[in-house]
Each structure stands twice: as C-alpha cells, then as structure tokens.
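Coordinates in review
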Amino acid sequence: MVTTLALVPEVISFSVVAGVDPMVSLVASIVLAVAMSVLGGRPGMVTAAAGSVALVIAPLVHEHGVQYVLPTVLLAGVIQVVFGLAGLARLMRFIPRSVMIGFVNALGVLIFMAQVPHVLNVPLIAYALFALTLAIIFLLPRFTKVVPSPLAAIVVVTAIVIIAGLTVPNVSDEGPLTGRMPGITPFLAPLDVETLKLILPTALSVAFVGLMETLLTARLVDDITDTPSHKGRESWALGVSNIFAGFYGGIAGCAMIGQTVLNVKTGQARTRISTLVAGVFLLALVTGLSPVMGQIPMVALAAVMMVVAVTTIDWHSVKPSTLKRMPLPETIVMGMTVAVVVLTGNLAYGVLVGVVLAMVLFARRVAHVINVERTVAADGRSVRYEVVGPLFFGSSNDLVEHFAYADDPESVTIDLGRAQIWDASTVAALDSIEAKYGSHGATVTIQGLDQRSTAFHRRLSGHLSADG
C-alpha cells in the first residue's frame, strides 16, 4: 500500500512528461502491476508506467501526436517478447559489478533529486509536515513494527492536513484525478509502412530501455532477497503486459526501481501477492478514493522516497577505505556510471557507458598479461617460444614484437599449450609471424593448441589477406 502511494505522484508526473492524460498512465500502471504479478519472473518487483519510457516516447507525442503511442507500445511489446523467448536476457551476466554498484548508487541519487522540488518553495507548515513524516518513519519502529512506519506516516500527515484544513501542495496538484476508467484504447494511426518507419526507432528505444531497467532491477532484487529470478520470463512477460497496457491504458512501462526497493527493502515483500495488492489498491485509489488520494501532501511522499533513496545507495562502496582497496579501473567505471546517469537522468545511458568503459579497461588490462619465453637449443640450430596468456585483438597485436626474426635459427617452434586463440586478430598475427620468419628463410611450427583453437586456426590461417 505504501508502494502504491509512492507510485501515484511519479506516474502522474511522468504522464505530464510524456504528454498523455494522467488517467492513461494510472490505468496502464494498474494493468502492468496486475499482469506482471501473474506473468513476471521476479516476485516482489513493481512494474508501472515509468519515467524512462516517458522520456523516450515524449518526442514522438509532441511531434506527431498521441495517436502514435499505441502502435509504438504494441511494437515495443512484441520486441520484448521476442527478446525474452530468444533467451537474450542472459546477456545481463556481462554487466560488471562496478556498473551494477554505479547503477544502484545513481538510482539513489536520482530518487533523491526527484523529490527535492517537492520540498522547495513550499509553505512553512509543509516543512513541519515533512519533519513529522521523517520522525514517524524513524521512531515508530522502536515501538511497533505491526504497521509499516511509512504507511503510518502518510496516513497521519494526510489526516492532519484534512482535519486542520491546511493548504499545502498535494497529489492532485500533479494532475487531475477524475476517478473514471477509460475504455479500450482506439487505434487511430494509419496502419501502413510510413507509420512503421515513424514508430520503429521509438519502439526500439522503449523496448530496450524498459528491458534494461527491468532486468537490472530484477538483478538488484535478486541481491537484496538472495533469491533467483527468471530473466527470460521477466522479459517476455514485460512485453505481454505492455501490449495489455497499450490496449487498456495506452502507454508502456517497466520496473519502477524506487518503488521496488521500497516494496522489497522497507516492506520486506517477497511474493507476487505484494505487487498484486499494489495493483488492486491502485485501482481502488483511482476509482473510489480519488478525492482522498488527491489530498496526500507531496512533502509526505517526498520524505518517504528520500528515506528510500538514502537506504538505496551502497555507502560501503564509497567509503575511503573501500575506494583505496578497489582497483582504480573499477572505481572509474562506477564513478562514470553514476555521473552519466545523473547528468542525463537516464539509467540506461549510464549502464551502457559503464559497460563499454569496463570492456575497454578490461581489454587494456588483459592485453598486457601475455608472456613470451625464448629458449635456444643447445646446438643453436632451433629456438622455442612458449606463449602464456589469452590471445585476442588486445594482446595479439603486440605478439609480433616478441620474436627475434633476424637472429633466430632456421627452425622455430611456437608453443601455445598455455595460450588460446580467441579471434581472427590472433590468427592474422600468427600468419604475420610466419611470413616474417619466411622472409629470413626460417620455418615455423605451431604446437600445443587445444582442439577448438586448432580448428579455428586451420579455418582462418592463410585466408585473412588478399594474398591468401
């Protein structure tokens, strides 16, 4: 229930960003929450109309009109279903720990920053309500844990505002709440190739931004709860749920990271019942309790979400003692991930930059781990080189420089028993070494390769240049 209350103002705010009616986003969030409770692969994770999706879809709405939202959402849903059924969710294993920590820390910063406008330029009494909300959140658990302290804080502060007739910014200020449910979303866009060309870029962005945030959030919940999730199922379920939300509601969504952390950490939720209750409670709020929901002070919700933000950040990861022990490249990747997310407001961009940077730094590190030992035979008529380490584009480009072409005898053996060939760059490097020795009248024998590397080398050797 607290999760739902924290969800409402964000969903309404995001609908304004996307250029759609607040009821569209609220109803879509109900559909998403209920559908994912049944279909999803990560119990306890809250799915609703999200800000990242709103930011992606907003330019299309502003330039071409709201009628293109439904086909965009439907196409994005189909892409997500294909992604999940094809097993591509396994690619998430390639996201390094440093990027994941940066993602979590950036998430905490974004959640906190999103609440700051709600506590600025407000009446003085609002600050008193803000302080009271924090006091209840932190002090109530010392006396009882039967009632979640954030829920108690929101109820108490809202009751004070209503009874005392106080005028402070509330949920209804974020957008009108009519309480009327819309019908099936009409398909108003032309069904032709031109529409497909128009919506395809946005649909791809909606699909992959939604998948990235959802799968990263699922991984975060896995870590918090120490339980596994089915990422493939989560992916196709998100696609199916977005198709449902498109037809009845009108906009797509993905995992709501802040609300999920609130649900799993603060609410200790572990089952599908929690998110089902969130969806049903949101339905009740939208249809029957709109007047009451509209009077919830924004400062109360801001206080709850700020506490969530502070507890979300992995403070251990930014301690000076931890940073001293961590390898510098890992710290750089974490910092860059946080910086990009905070500057762009988009978690997907931060993760993408973090992963690419981590790959570059990793390749740079691994490129220098190969070792080449040269041993000349006692009779001086042959030489043996033993290569140790992984051979790929980063390391094999320097491999050519480890051989004494002019000084070596006519018989050269290269032992790769403690190395493996991983790409065509390595095969090209070995061909180049053989060619250089050939120009000096020497013969090269390559030995020690495992079965896979041998087959790979035979298939490409001699065929990577115009002469081959």
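Anyway, here's the lowdown on the structure attached to this text. Values in this document were obtained by computation on a predicted structure and should not be read as measured data. (Residues numbered from 1 in each chain as written. Predicted model: local features only at pLDDT ≥ 70, side-chain atom pairs only at ≥ 80, totals over all residues. Heavy atoms only, no water.)

What about unusual backbone geometry?
As a rule of thumb, non-glycine residues mostly have phi less than zero, and peptide bonds are mostly trans rather than cis. The line we're drawing: Runs of H or I in DSSP of at least four residues are treated as helices and runs of E of at least two as strands, each being numbered from the N terminus.
Unlike most non-glycine residues, Asn121 shows phi in positive territory, near 55°. Along the polypeptide, Asn121 turns up in the loop between α5 (97-115) and α6 (124-143). For Asp226, which is not a glycine, the phi torsion comes out positive at approximately 55°. Within the secondary structure, Asp226 is located in the loop between α8 (193-225) and α9 (231-247).

Examining the pairing of strand β4 (residues 382-391)
Here is the rule we go by: By definition, two strands form a pair when at least two bridges between them are found by DSSP.
Where strand β3 (residues 371-376) lies against β4, 6 bridges are found, and the strand directions are antiparallel. Within β4, the residue paired with Glu373 across the bridge is Glu386. From the end of β3 to the start of β4, which pair antiparallel, there are 5 residues, and Gly380 there has a positive phi angle of about 70°. Looking at chain direction, β4 and strand β5 (residues 411-421) are connected through 9 bridges and run parallel. Bridge pairing in β5 links Val383 to Val412.

Re the packing of aromatic side chains
The test is simple: By convention, a stacked pair of Phe, Tyr or Trp rings (six-membered ring in the case of Trp) has centres within 6.5 Å and planes under 30 degrees apart, an edge-to-face pair has planes over 60 apart, and any other such pair is tilted. Accessibility here uses a 1.4 Å probe with only protein chains present; expressed as a share of the type maximum, an area under 20% marks a residue as buried, one over 50% as exposed, and anything in between as partly exposed. We call a charge positioned above a ring when the Lys NZ or Arg CZ atom is no farther than 6 Å from the ring centre and deviates by at most 35 degrees from the ring normal.
On inspection of all chains with the given rule, the structure shows 6 aromatic pairs. Ring plane angle 50° and centroid distance 4.4 Å describe the contact between Tyr385 and Phe403, whose orientation is recorded as tilted. In this pair, Tyr385 sits in strand β4 while Phe403 sits in the loop between α17 (393-396) and β5, placing the two residues 18 residues apart along the sequence. Phe403 shares its class with Tyr385; the two are buried. Judged by centre distance (5.1 Å) and plane angle (85°), the ring pair of Phe392 and Phe393 falls under edge-to-face. Judged by its relative accessible area of 13%, Phe392 falls in the buried class. Looking at Phe393, the relative accessible area reads 47%, which means it is partly exposed. Grouping aromatic residues by their ring pairs yields a cluster made of Tyr385, Phe403, Tyr405 and Tyr437. Between Lys436 and the ring centre of Tyr405, over which it is positioned, the NZ or CZ distance is 5.8 Å. Lying over the aromatic face of Trp422, Arg452 brings its terminal NZ or CZ to 4.3 Å of the ring centre.

A few points about the sheet that holds β5
Neighbouring strands of a sheet are bound in pairs by backbone hydrogen bonds; such pairs are parallel or else antiparallel. The condition that has to hold: All axes are obtained by fitting lines to C-alpha atoms, using only the stretch in contact for helices, and the reported angles, taken between N-to-C directions, cover 0 to 180 degrees. By definition, residues are in contact when any of their heavy atoms lie within 4.5 Å.
Strand order in the open sheet made by the 4 strands is β3-β4-β5-β6, with mixed pairing throughout. Every interior strand has two partners, whereas the edge strands, β3 and β6 (443-447), have only one. Strand-to-strand twist of the sheet, defined as the mean angle between neighbouring strand axes without regard to direction, takes the value 20°. Seen against the sheet, helix α19 (residues 451-460) touches β5 and β6 and runs at an angle of roughly 120° to β5.

Section: a nonpolar patch on the surface
Put simply, the test is: Patches were defined on residues exceeding 30% relative accessible area and lacking a salt bridge, with like-charge contacts within 9 Å and nonpolar side-chain contacts (Val, Leu, Ile, Met, Phe, Trp, Tyr) within 5 Å. Each accessible area is a Shrake-Rupley result for a 1.4 Å probe, and residues are judged covered by the shown protein chains and nothing else. Should a side-chain nitrogen of Lys or Arg be within 4 Å of a carboxyl oxygen of Asp or Glu, the pair is scored as a salt bridge.
On the surface, Phe112, Val310, Trp315 and Val318 cluster together into a nonpolar patch covering about 350 Å² of accessible area. Inspection of the secondary structure assignment puts Val310 in helix α13 (residues 298-312). The class of Val310 is partly exposed, set by a relative accessible area of 40%.

Overview of the environment of Ala339
Relative to the helices and strands, Ala339 resides in helix α15 (residues 328-344). Given a relative accessible area of 32%, Ala339 falls into the partly exposed group. Each C-alpha atom of the pair Ala339 and Gly102 lies 8.9 Å from the other, and the pair is 237 residues apart in sequence.

Description of the nonpolar core
The test is simple: Working definition of a nonpolar core: buried Ala, Val, Leu, Ile, Met, Phe, Trp, Tyr and Cys residues. They are joined through side-chain atoms within 4.5 Å.
The biggest cluster of nonpolar side chains holds 88 residues, and the ones touching the most others in it are Leu5, Val8, Leu26, Phe103 and Ile251. Apart from the residues within four sequence positions on either side, Leu5 is in contact with Leu151, Ile154, Phe281, Leu285, Ile296 and Leu301. Membership of the second largest hydrophobic core comes to 25 residues, among which are Ile370, Phe403, Ile433 and Leu449.

Focus on the pairing of β5
Spelled out, the test is: Here, the term right-handed applies to a crossover whose path from the first strand over the helix to the second runs clockwise when the strands point away from the viewer.
As paired elements, β5 and β6 share 5 bridges and run parallel to each other. Note on β6: the bridge partner recorded for Val412 is Val444. On the question of chirality, the crossover connecting β5 to the parallel β6 by way of helix α18 (residues 424-439) is right-handed.

A word on the side chain of Ser396
If you trace the backbone, Ser396 turns up in helix α17. Overall, the relative accessible area of 0% leaves Ser396 in the buried class. For Ser396, the residues in contact, after removing those within four places along its chain, are Ser425, Thr426 and Ala429.

Examining the environment of Arg325
Residue placement: Arg325 occurs in helix α14 (residues 320-325). Sequence spacing of Arg325 and Thr133 is 192 residues, and the spatial spacing of their C-alpha atoms is 38 Å.

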